[in-house]
Amino acid sequence: MATVLVVEDETHIATTIRFNLEREGFDVHTAEDGEQAIESVRRLQPDLIILDLMLPLLSGTEVLRQIRRDSNVPVLVLTARTAEADRVHGLDLGADDYITKPFSIAELLARVRAHLRRRNGAASAAPLIITFGDFTLDTARRELRQAGTAVPLRPKEYDLLAYLAQRPGRAIERDQILNDVWNYDFAGGSRTVDVHVRWLRRKIEPDPATPTHLLTVRGAGYRFEL
């Protein structure tokens, strides 16, 4: 049974989410503010977190920063903000998904199931060591190293890199990447893929403007070369 932590200070929203998740068979816990959220994450070690950004005592963005210091647990952000800059900021902090209020419970449940399927699938997959240039990607450790030194990656940066690196030489469309890596019709659209590619190029390419590993395929999407 997967454990889900719902961090939401609006009681009616938290109650509705909890009721529907428990109907699906999840072990659900709630926190009403940022400080409770941090304590609950440490105590429960949840399999997935649903996090509202607008929280008392400690903001949702700060909660997300602290979670990402030592955990890759999937985090679905809830917010009333719809601007692209706000979505990108949430992704930049390490969110795995972004759902704007008001939202459909059916959509939320679908995204929860999708992220947990992906997490469980990654845990059961055979580990691989992939080398390209002076980089080594260790899928068992979810770790990228350059000449032996760890390269810090956001969770979705790692997921995207691992996905592409396991399909070298293959041109993959943005929508296919979005579906396979984010496991849902993510609200950020294909623009999300482009943003993460740009971030990755800054970390793995000697010259991000003329990449040699993570290549753009005009009219198609992206291709990874070892």
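Look a little higher up for the structure.
This one's a predicted model, so the numbers in the text were calculated from it and none came from an experiment.

J.: Looking at this structure, I do not really get the nonpolar core. What am I missing?
T.: Side chains of nonpolar character tend, in soluble globular proteins, to be buried together. Membership of the largest hydrophobic core comes to 26 residues, with the highest contact counts inside it found for L144, L161 and I177. Elements represented by at least two residues in this core include exactly β6 (129-132), β7 (135-138), α6 (155-165), α7 (174-182), α8 (190-204) and β12 (221-224). A total of 7 residues in this core trace back to one element, the largest contributor, which is α6. Ranked by size, the runner-up nonpolar core spans 19 residues in total, among them L51, V63, L64 and V77.

J.: How should I be thinking about the layout of surface pockets in this particular structure?
T.: Gaps left between atoms show up when a probe the size of a water molecule is rolled over them. Taken as a whole, the second largest pocket spans an internal volume of roughly 160 Å³. What lines the second largest pocket is N72, R142, E143, L144, A150, V151, P152, L153, P155 and Y158. Secondary-structure elements contributing two or more residues to the lining of the second largest pocket are β8 (143-146), β9 (149-151) and α6. Per-class residue counts for the lining of the second largest pocket are 7 nonpolar, 1 polar and 2 charged.

Quick notes on the rules
- Residues numbered from 1 in each chain as written.
- Predicted model: local features only at pLDDT ≥ 70, side-chain atom pairs only at ≥ 80, totals over all residues.
- Heavy atoms only, no water.
- Core = buried A, V, L, I, M, F, W, Y, C linked by side-chain atoms within 4.5 Å.
- Buried < 20%, exposed > 50% of the residue type's maximum accessible area, 1.4 Å probe, protein only.
- Helix = DSSP H or I, 4+ residues; strand = E, 2+ residues; numbered from the N terminus.
- 1 Å grid on protein atoms, 1.4 Å probe; cavity = no way out; pocket = protein on both sides within 12 Å on 5 of 7 lines; lining within 4 Å.
- Points joined across faces, edges and corners; volume = space filled by probe spheres on them.
- Nonpolar A, V, L, I, M, F, W, Y, C, P; charged D, E, K, R; others polar.

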